[in-house]
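Structure at a glance
As a plain string of letters, each chain reads:
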Amino acid sequence: MASAVNCVVHDVSYVDFHCEKNNQDHRTAEISTQQLIVRRGQTFNIMVQFNRKQYDPDHDRIKLVAQTGPNPSETSGTKIVFPLSDSINKKRWSAVAISSSKSSLSLNIHSSPNAKIGRHTLVLQKITLDQTVIYPLGEFALLFNPWCSEDEVFLNDDRLLEEYVLNEQGIIFTGCSEYIQHLPWNFGQFEEDILDICLKLLDNSPKHLKNPAKDCAHRGSPVYICRVVSAMVNCNDDNGILFGKWDGSYTDGVPPGKWNGSVSILRRWNNSGCQPVCYGQCWVFAAVACTVLRCLGIPTRVVTNFESAHDTNGNLTIDSEYDEEGMELERSEDSIWNFHVWVESWMARYDLKFGNDGWQALDPTPQEKSEGVYCCGPAPVKAIKEGETDICYDVPFIFAEVNADCVTWVCSEKGKKIKVDTNIKHVGQNISTKCVGSDDREDITNNYKYPEGSDEERRIFELADRRRVHLKPKKQLQIYLKTNDPIYNGTNVKVSVVISNNNSKKRVCTLKIRAMKKKYNKASRVKCIKKYQQEITVRPNEDKTVEMEMTYAEYGEFLDKYNLIRLTALVIDGETNESAFTLKDISLVNSNVTIQVQGMPVLSREMMAEISFENILPVVLTNCIFTLEGAGLIDGQMEIRAGTLNPGEVITKEASFIPKKVGLKKLTVDFDSDKLKDVKGYINIDISKGEK
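Residues numbered from 1 in each chain as written. Predicted model: local features only at pLDDT ≥ 70, side-chain atom pairs only at ≥ 80, totals over all residues. Heavy atoms only, no water.

1. Description of the overall build of the protein
- The secondary structure content of the protein amounts to 13 helices and 38 strands.
- For the protein, the C-alpha atoms occupy an extent of roughly 105 × 60 × 40 Å along the three principal directions.
- Burial statistics for the protein: of 692 residues in total, 57% are counted as buried.
- In the protein, the proportion of contacts linking residues at least 24 apart, taken out of those at least 6 apart, comes to 67%.
- Carbon and sulfur atoms form 47% of the exposed surface of the protein, whose accessible area is close to 29400 Å².
- The averaged location of the 93 negative side-chain charges in the protein is 2 Å from the averaged location of its 83 positive side-chain charges. (Helix = DSSP H or I, 4+ residues; strand = E, 2+ residues; numbered from the N terminus. Buried < 20%, exposed > 50% of the residue type's maximum accessible area, 1.4 Å probe, protein only. Contact = heavy atoms within 4.5 Å. Areas by Shrake-Rupley, 256 points an atom, 1.4 Å probe, with all protein chains shown as cover. Lys, Arg positive; Asp, Glu negative; His and termini not counted. Charge placed at Lys NZ, Arg CZ, Asp CG, Glu CD.)

Structural data, given as structure tokens:
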């Protein structure tokens with residue numbers, strides 16, 4: 001046979017990958033028009049120019065070879081050999097000749113919709129009667145294709161694809177459930193070199209380093225890729241991107257709240273020889289994962305769960321213990337995070353039973369190990385809602401994050417432990433993601449859980465082996481906390497405590513109110529801001545209100561970028577020892593960074609933005625700096641120093657830059673000073689091509 005005759009390798013005269021046209025067709029031109037980047041399950045065109053007249057269309061047979069990874073093989077699917085055919089077969093690799101001559105060949109090539117993603121080399125084999133001539137044609141990148149109905153990540157909605165694959169800007173929701181804040185973020189998945197970094201990330205995973213050929217053979221599966229990305233965004237087991245830190249000083253790195261986007265993080269990791277970037281917290285981990293997955297072609301969105309449970313022992317109960325002064329005792333490994341951020345990726349789940357396709361929860365923040373590695377998911381959101389804890393991956397852990405019970409205990413010095421409150425509704429509130437086509441918030445709580453107290457909810461609790469919480473008689477002594485929301489940082493915090501005596505007898509009680517510094521992921525009992533205690537008399541069936549006020553002078557030094565304060569109130573009947581307890585986490589609101597764009601934003605034309613900030617704190621701010629970032633607007637980051645800002649003073653600065661890409665872009669601005677850090681502002685700018 002011809003293939004058994006001698007093989008020689010020749011160079012072709014020229015190969016035109018038609019990068020600009022192909023990339024436009026495959027929606028990858030925003031990444032580059034200098035290299036071929038295509039999506040699987042879709043046709044692309046190339047033209048091969050031979051040296052002299054080396055091709056006889058009537059007698060020579062042509063085969064193409066597409067291969068990826070080290071030691072590619074046909075058995076593993078990393079090497080595909082396919083001949084020219086009369087028509088394209090959309091279910092596998094195939095190719096047709098569009099035109100041919102003795103010196104050139106124009107081909108349409110169609111990749112398989114379940115092909116391995118990553119860097120591929122393309123080789124042309126010309127088979128004659130006496131020899132096989134091998135022509136290396138070059139390299140191209142192959143990505144997932146959510147526009148292809150045969151691809152596992154297919155999403156049949158152009159508006160959703162525009163948002164969850166092509167949109168380089170987004171909003172991440174933070175704060176607390178009663179005052180949700182918008183954090184702008186530049187994902188920048190189409191910025192120069194980001195695709196190269198994302199593929200490098202896959203090549204640095206422990207799975208690839210241990211067995212590169214086996215790893216590449218699994219890269220056709222979005223489930224597999226998602227688990228690799230979830231593990232590699234944190235650095236706990238590997239050469240991952242981000243080092244997580246929730247306590248102490250950040251002077252040896254970048255504070256988590258300083259970041260405005262993923263691009264600078266990914267570039268730092270790449271430029272440092274894959275050393276972890278310091279520092280990240282949950283929204284940073286999630287945002288970087290979103291960038292990587294969108295870049296690879298998997299529809300992905302960032303999701304925030306308010307009052308998110310971290311259940312370390314798997315009992316679906318979060319126990320909190322307080323002393324008789326109302327101060328939290330840090331004995332439990334469990335915790336409630338004011339908010340926790342993960343991502344959802346869209347895909348079919350051929351590895352699971354029917355009904356688990358669609359959004360899959362994926363969490364790169366290192367919390368608990370999954371199969372021995374710090375990663376989480378992809379867990380079908382539908383399975384989480386239905387309490388199907390036997391489905392992989394990590395459904396029980398995420399189920400607890402949105403459903404766990406909160407039990408509060410008061411412990412005496414003698415060791416007596418009294419259960420004072422059970423809250424079955426506290427965990428899993430206002431689960432949020434950015435709306436499609438706008439910066440508004442979409443509430444997706446119903447995707448994760450049935451309405452509290454409904455029959456469906458009880459059925460799911462039983463399915464998840466949770467104990468049924470029976471309705472209890474109304475407590476005779478109740479307590480509520482109210483504040484003057486929203487509360488601006490720098491103003492007085494007014495706290496109202498309402499004590500309800502649902503008894504026919506008078507009560508003489510001790511009321512204890514505590515204000516403590518709160519981190520977004522757990523409480524800190526060490527840093528008490530203010531204590532208030534009062535003996536009160538509550539008449540039969542009376543609601544009595546007690547007020548406490550806290551000034552900036554009292555709380556200002558305790559604040560960090562989150563501006564979170566935990567308020568607790570404990571009331572104890574002096575005669576019966578009956579008690580009631582409540583808590584409330586508040587998030588103080590910073591002054592806004594305001595941005596105004598001057599003139600018409602046009603591609604490649606210098607434009608000006610005016611940035612303003614008002615100091616509403618009663619103290620002087622020094623070392624004021626604005627940091628600007630925006631995919632398609634600014635290369636990297638731009639810093640503008642603003643000096644000193646007195647109380648009540650407004651400072652205004654101008655920044656000029658030249659837009660590099662057309663379309664809707666997001667300019668984000670971060671304000672920092674000695675006493676006030678990581679204050680964010682953003683503006684959407686629609687860049688036009690201008691007049692030709």
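2. What to know about the packing of helix α6 (residues 222-233) against helix α8 (residues 282-296)
- Running from N to C, α6 and α8 point in directions that differ by 145°, and their axes come no closer than 10 Å. Seen along the crossing, α6 lies across α8 with a hand that is right-handed. Residues I225, C226, V229 and V233 of α6 pack against F285, V288, A289, V292, L293 and L296 of α8.
- By residue class, the composition of the contact of α6 with α8 is ten nonpolar, no polar and no charged. (Axes fitted to C-alpha atoms, helices over the stretch in contact; angles between N-to-C directions. Left-handed = near helix turned anticlockwise from the far one by under 90°. Nonpolar A, V, L, I, M, F, W, Y, C, P; charged D, E, K, R; others polar.)

3. Here's the deal with the sheet that holds strand β7 (residues 94-100)
- As summarised here, the arrangement of the four strands in space is β2-β4-β8-β7, forming an open sheet in which the pairing is antiparallel. Looking at which strands have only one partner, the edges of the open sheet turn out to be β2 (14-16) and β7. For this sheet the average axis-to-axis angle between neighbouring strands, irrespective of direction, equals 25°.
- Sheet topology places strand β4 (residues 43-49) next to strand β8 (residues 104-110); seven bridges connect them, and they run antiparallel. Counted as the bridge partner of N45 is N108 from β8. (Pairing = 2+ DSSP bridges.)

4. Brief notes about the packing of aromatic side chains
- Per the counting criterion, the structure on display carries 16 aromatic pairs.
- Taking 6.4 Å as the distance between ring centres and 20° as the angle between the ring planes, the aromatic pair formed by W246 and F285 counts as stacked. Taken together, the residues W246 in the loop between β13 (242-244) and α7 (263-271) and F285 in helix α8 connect sequence positions 39 residues apart.
- For F285, a relative accessible area of 0% translates into the label buried.
- Arranged with centres 5.6 Å apart and planes meeting at 65°, the rings of Y250 and Y279 form a pair that is edge-to-face. Of this pair, Y250 sits in the loop between β13 and α7 while Y279 sits in strand β14 (residues 277-280), and the two are 29 residues apart along the sequence.
- A residue is classified by how much of its surface remains accessible, and Y250, at 18% relative accessible area, is buried.
- Through a chain of ring-to-ring contacts, the aromatic side chains of Y164, W346 and W359 assemble into a single cluster.
- The side chain of R227 reaches across the aromatic face of Y393, ending 4.1 Å from its centre.
- Above the plane of the ring of F187 lies R294, whose end atom (NZ or CZ) is 4.8 Å from the centre. (Phe/Tyr/Trp six-rings, centres within 6.5 Å; stacked < 30°, edge-to-face > 60°. Lys NZ or Arg CZ within 6 Å of the ring centre and 35° of its normal.)

5. A look at the nonpolar core
- Counting residues in each nonpolar core, the largest one holds 67 residues, and the members touching the most others are W185, I225, W283 and L296.
- Broken down by element, this core gets its largest block of residues, 13 residues, from α8.
- Sequence-distant contacts of L296, that is, excluding residues within four places in its chain, are made with I117, L143, F144, L195, C198, L199, L202 and I225.
- Residues V495, C509, M550 and A569 belong to the second largest nonpolar core, which totals 56 residues. (Core = buried A, V, L, I, M, F, W, Y, C linked by side-chain atoms within 4.5 Å.)

6. Here we look at the sheet that holds strand β33 (residues 607-614)
- Taken in spatial order, the three strands make up an open sheet running β32-β33-β36, and their pairing is antiparallel. Two strands lie at the open edges of the sheet, namely β32 (593-598) and β36 (650-657), each paired on one side alone. Neighbouring strand axes in the sheet, compared pairwise and without regard to direction, differ in orientation by 20° on average.

7. Description of the pattern of salt bridges
- All told, the structure shown has 38 salt bridges when counted by the stated rule.
- One salt bridge in this structure joins E30 and K665, with 4.0 Å as the shortest N-O distance. Here E30, found in the loop between α1 (19-25) and β3 (37-39), pairs with K665, found in strand β37 (residues 663-672); they are 635 residues apart in sequence, far enough to count as distant.
- According to the relative accessible area criterion, E30 is partly exposed, its value standing at 33%. (Salt bridge = Lys/Arg side-chain N within 4 Å of Asp/Glu carboxyl O.)

8. Examining the packing of helix α3 (residues 194-203) against α8
- The contact between α3 and α8 brings their axes to 10 Å, and the two run at 100°. Here α3 lies roughly perpendicular to α8, going by the angle between them. Packed against α3, whose contacting residues are I194, L195, C198, L199, L201 and L202, the element α8 presents T291, V292, C295 and L296 at the interface.
- Of the residues that constitute the contact of α3 with α8, the class distribution is nine nonpolar, one polar and no charged. (Parallel < 35°, antiparallel > 145°, perpendicular 65-115°, else oblique.)

9. Some details on helix α2 (residues 158-166)
- Turning to α2, its buried residues are L161, E163, Y164 and V165.
- Lining the buried residues of α2 we find β3, α8, β15 (300-310), β19 (358-362), β23 (429-434) and β24 (441-443).
- In this structure D157 caps α2, since a side-chain oxygen of it lies 3.0 Å from the backbone nitrogen of R159. (Polar contact = N/O pair within 3.5 Å; in protein donor to acceptor, adjacent residues only side chain to side chain.)

10. Considerations on the pairing of strand β25 (residues 477-483)
- Burial within β25 is extensive, with five of its seven residues counted as buried.
- Two strands pair when backbone bridges link them, and β25 and strand β26 (residues 493-501) are joined in this way by seven bridges, in the antiparallel orientation. Residue Y480 lies in a different strand from β26, and its bridge partner there is V498.

11. Considering the side chain of T78
- With respect to the secondary-structure elements, T78 resides in the loop between β5 (61-68) and β6 (79-83).
- On the basis of relative accessible area, T78 is assigned to the buried category, the value being 4%.
- Within the local environment of T78, its side chain forms a polar contact with the side chain of S76, the two groups lying 2.8 Å apart.
- Dropping the residues within four chain positions of it, T78 is found in contact with A66, Q67, T68, P72, S73, K116, C216 and A217.

12. What to know about α3
- Counting buried positions along α3 gives seven out of ten residues, so the element sits mostly inside the fold.
- Looking only at α3, the buried set comprises I194, L195, I197, C198, L199, L201 and L202.

13. Let's talk about the confidence of the model for the protein
- Of the residues in the protein, 96% have a pLDDT of 70 or more, and the chain-wide mean is 91.
- Across residues 466-471, where pLDDT falls below 50, the model places twelve contacts with residues more than four positions away in sequence or in other chains. (pLDDT = per-residue confidence, 0-100.)

14. Remarks on the environment of P146
- Within the fold, P146 resides in the loop between β10 (131-143) and α2.
- Each C-alpha atom of the pair P146 and W346 lies 8.9 Å from the other, and the pair is 200 residues apart in sequence.
- If we skip the residues at most four places from it in the chain, P146 touches R39, V153, F154, L155, L161, V165, G297 and P299.

15. As for the environment of I499
- Note that I499 resides in strand β26.
- Owing to a relative accessible area of 0%, I499 belongs among the buried residues under this scheme.
- Along the chain, I499 and C198 lie 301 residues apart, while their C-alpha atoms are 56 Å from each other.

16. Comments concerning the state of the cysteines
- According to the stated counting rule, one finds zero disulfides in the structure shown.
- Summary of cysteine pairing: C19 is not part of a disulfide, and the nearest cysteine sulfur, belonging to C295, is at 16 Å.
- For C19, a relative accessible area of 14% puts it in the buried group. (Disulfide = S-S within 2.5 Å.)

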